[in-house]
Amino acid sequence: MKAFIRNIEFIVPSKNLTNQDLVKENPDWDVDKIYELTGINNRYVVEEETSADLAVKSGEKFFSKYPETKEQIDYIIFCTQSPDYFLPTSACLVQDRLGLSKEVGAIDVNQGCSGFVYSLGLAKGLIESDQAANVLVITADTYSRFINDKDKSVRTLFGDASACCLVSTSEDSKKICPLVHGTDGSGGKNLIVPHGGMRSPISDDSFIENIDENNNVRAPSNLYMNGSAIYTFTLKEIPKVFNSILARNDISFDEIDLVVLHQANKFMLDSLQKKLKIPDNKMHRSYEHFGNTVSSTIPIGLKIEMEKGYEGSKKVLILGFGVGLSWAGTIIDI
């Protein structure tokens, strides 16, 4: 029994935040410089919505397209780093709001940029161990809720989104291949919201803003990213992981039709593409229109590629990396 990706849908919030909008709020920022460094023109951000709200919307969109699948779902994996509550599990709330059977399993996965691939691995394990047959994998993150409006280092990068993916038992040659995972928790401090959990609960100090050496403003309750450290980690580790995925699956890069990496930003992907010698026709890019949507970047990319209407199937290498620090990758057919 093998697992494969059956269908994907995604949604974004209604509020579109362009580079021009950012510069109107922060006149010392530069529209052209933002695009030059990030490759991002706009991103979508929530106003009052939560990650679970987005998850429900992407699930509803999915079931409107594929209504016959709703009664087939027997497990939900909800991947988010911005849950509605510490407890209960957001996946349980999503199960109820989507009107799914009470006989489904439901868990949250607190993982970010590599979270979709991690969740695929869990879905694959559930299916191939005969615990489930149709696993709904939903990703949703609302990093904009953590970001200080005056912090150019992250506000120009991140957008909010949700993707809904059905992983089922394979009916043909399509499958999710063996995965490669990795973790380096020593770098956890380089992409973090310092206050808000049990280690550093919210206090009066959580909202005191500070200005860093690059004139970015943030408080301990805001998202912090050490961009240079994340870049160094990525360029050091991800090429090795890329080659490990090929070796793990005994396949050459010539046999890969498409590469969908986590859509961090243009600068990061340009560097990886050059180092890995990926030709343009194999390199997916969609960050320009959505920004870095964390756990949803890869499923959004896959959906965009699926809609191109390829003849036959395409063998796709997917690889997520970032917050944690963590990484995960595999090969799938679309």
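Predicted model, so just to flag it, every value in this text is computed and none were measured.

A separate point is helix H8 (residues 266-276). Regarding H8, the residues found buried are Met-268, Leu-269, Ser-271, Leu-272, Gln-273 and Leu-276. Packed against the buried residues of H8 are helix H7 (227-248), strand E13 (258-261), helix H9 (287-290) and strand E14 (315-322). Of the residues that open H8, the one with a side-chain oxygen 3.1 Å from the backbone nitrogen of Phe-267 is Asn-265.

We now examine the sheet that holds strand E1 (residues 3-11). Read across the open sheet, the 5 strands follow the order E1-E7-E6-E4-E5; overall the sheet is mixed. In this open sheet, the two edge strands, each paired with only one partner strand, are E1 and strand E5 (105-109). Within the sheet, the average angular offset between the axes of one strand and its neighbour, ignoring direction, is 15 degrees. Across the sheet, helix H3 (residues 51-65) touches E1, strand E4 (75-79), strand E6 (134-141) and strand E7 (161-169), and the angle it forms with E1 is around 115 degrees. Seen against the sheet, helix H10 (residues 297-306) touches E1, E6 and E7 and runs at an angle of roughly 95 degrees to E1.

Bringing the pattern of salt bridges into the picture now. Taken as a whole and judged by the stated rule, the model has 16 salt bridges. Residues Arg-155 and Asp-149 are paired through a salt bridge, measuring 3.7 Å at the closest nitrogen-oxygen approach. With a relative accessible area of 9%, Arg-155 lands in the buried category. For Asp-149, a relative accessible area of 43% corresponds to the partly exposed category. Linked by salt bridges that have partners in common, Glu-9, Lys-61, Lys-65, Lys-303 and Glu-307 make up one network.

In terms of burial, E4 is largely enclosed, as 5 of its 5 residues are buried. Side chains of E4 alternate between two faces, with Tyr-75, Ile-77 and Cys-79 and Ile-76 and Phe-78 buried alike. With 5 bridges joining them, E4 and E5 adopt parallel strand pairing. Looking at E5, one finds that Ile-76 is bridged to Ala-106. Note that the unit made of E4, helix H4 (residues 90-97) and E5 has a crossover that is right-handed. Bridging between E4 and E6 involves 5 bridges; their strand directions are parallel. Bridging from a neighbouring strand, Ile-77 pairs with Val-137 of E6.

Read across the open sheet, the 4 strands follow the order E8-E15-E14-E13; overall the sheet is mixed. Each edge of the open sheet is held by one strand with a lone partner, namely strand E8 (180-183) and E13. Recorded for the sheet is a direction-independent mean angle of 15 degrees between the axes of neighbouring strands. Pairing of E13 with E14 involves 4 bridges; the strand directions are parallel. Bridge pairing in E14 links Leu-261 to Leu-319. Running at roughly 60 degrees to strand E15 (residues 326-333), helix H5 (residues 115-128) makes contact with E8, E14 and E15 of the sheet. With respect to the sheet, H7 is in contact with E8, E13, E14 and E15, its orientation differing from that of E14 by roughly 145 degrees.

For the bond from Leu-87 to Pro-88, the omega torsion is 10 degrees, close enough to zero to count as cis. On the secondary structure map, Pro-88 appears in the loop between E4 and H4. For the bond running from Gly-324 to Leu-325, omega is -10 degrees, close enough to zero to count as cis. Looking at the secondary structure, you find Leu-325 in the loop between E14 and E15. The backbone of Asn-215 shows a phi angle near 65 degrees, a positive value even though the residue is not glycine. The residue Asn-215 is located in the loop between strand E10 (210-211) and strand E11 (217-218) in this model. Not every positive phi belongs to a glycine, and Val-294 is a case in point at roughly 60 degrees. Summarising the element assignment, Val-294 is placed in the loop between H9 and H10. A relative accessible area of 1% means that Val-294 is categorised as buried.

H10 sits mainly inside the fold: 8 of its 10 residues count as buried. Taken as a whole, H10 has its buried residues at Thr-297, Ile-298, Pro-299, Ile-300, Gly-301, Leu-302, Lys-303 and Glu-305.

With the rule as written, the count across this model stands at 9 aromatic pairs. Both rings, one in Phe-62 and one in Tyr-66, keep their centres 5.0 Å apart while their planes meet at 50 degrees; by these two values the pair is tilted. Neither Phe-62 nor Tyr-66 differs from the other in exposure class; each is buried. Look at Phe-242 and Phe-253: their rings are 5.7 Å apart centre to centre, the planes differ by 55 degrees, and that puts the pair in the tilted class. A residue pair is termed long-range when its members are at least 10 positions apart, and Phe-242 in helix H7 and Phe-253 in the loop between H7 and E13 qualify at 11 residues. A single burial state applies to Phe-242 and to Phe-253, both of which are buried. An aromatic cluster of at least three residues, connected via ring pairs, comprises Phe-10, Tyr-44 and Phe-290. Its end group placed over the ring of Phe-253, Lys-282 keeps NZ or CZ at 4.4 Å from the ring centre.

Definitions and cut-offs
Residues numbered from 1 in each chain as written. Predicted model: local features only at pLDDT ≥ 70, side-chain atom pairs only at ≥ 80, totals over all residues. Heavy atoms only, no water. Buried < 20%, exposed > 50% of the residue type's maximum accessible area, 1.4 Å probe, protein only. Helix = DSSP H or I, 4+ residues; strand = E, 2+ residues; numbered from the N terminus. Contact = heavy atoms within 4.5 Å. Polar contact = N/O pair within 3.5 Å; in protein donor to acceptor, adjacent residues only side chain to side chain. Pairing = 2+ DSSP bridges. Axes fitted to C-alpha atoms, helices over the stretch in contact; angles between N-to-C directions. Salt bridge = Lys/Arg side-chain N within 4 Å of Asp/Glu carboxyl O. Right-handed = clockwise from strand over helix to strand, strands pointing away. Phe/Tyr/Trp six-rings, centres within 6.5 Å; stacked < 30°, edge-to-face > 60°. Lys NZ or Arg CZ within 6 Å of the ring centre and 35° of its normal.

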